[in-house]
Amino acid sequence: QVQLVESGGGLVQPGGSLRLSCAASGSTFSNYGMGWFRQATGKERESVAAISWRGMSTSYADSAKGRFTISRDNAKNMVYLQMNSLKPEDTAVYYCAARGSTGVASLKSYEYDYWGQGTQVTVSS
């Protein structure tokens, strides 16, 4: 089992940047594929980005391509989401999630077993 804690959210102006972090504990972090998802008020949860257990494979939702970068540091049990050129439509609660034993960077939320509590990102002037 793994516990996940997100941080790094906040208020940023359109065009700005944020880096979200997710700290994992409780199990062997490198055994888990990781993903970032988000949910805006009144909307369904959607995928953002994913990374395989060794970091060799990444996937991005169309909304994130070219602006967001997912990365991980298995020595520190951390996964990151660097978000650049932020838009008001990126406003949401961002969640970190883990799925066991896979070299696939999946964007399918139902494949993830463990979830953090989320961190709020607000993009507004």
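Description of the structure in this document. Just so it is clear, the model here is predicted, and its values are computed rather than measured.

Definitions and cut-offs
- Residues numbered from 1 in each chain as written.
- Predicted model: local features only at pLDDT ≥ 70, side-chain atom pairs only at ≥ 80, totals over all residues.
- Heavy atoms only, no water.
- Pairing = 2+ DSSP bridges.
- Helix = DSSP H or I, 4+ residues; strand = E, 2+ residues; numbered from the N terminus.
- Salt bridge = Lys/Arg side-chain N within 4 Å of Asp/Glu carboxyl O.
- Buried < 20%, exposed > 50% of the residue type's maximum accessible area, 1.4 Å probe, protein only.

## Overview of the pairing of strand β3 (residues 18-25)
- As paired elements, strand β1 (residues 3-7) and β3 share five bridges and run antiparallel to each other. Bridging from a neighbouring strand, L4 pairs with A24 of β3.
- Of the strand pairs in this sheet, β3 and strand β8 (residues 78-83) are connected by six bridges, and their pairing is antiparallel. Residue pairing for β8: L18 is matched across the bridge by M83.

## Let's talk about the pattern of salt bridges
- The full count for this structure, using the stated rule, is five salt bridges.
- Between E111 and R99 there is a salt bridge, with its nearest N and O atoms 3.0 Å apart. Pair noted here: E111 is in the loop between β9 (92-100) and β10 (114-115) and R99 is in strand β9, with a separation of twelve residues, a long-range link.
- We classify E111 as partly exposed; its relative accessible area is 25%.
- A network of salt bridges, in which partner residues are shared, links R38, E46, R67 and D90.

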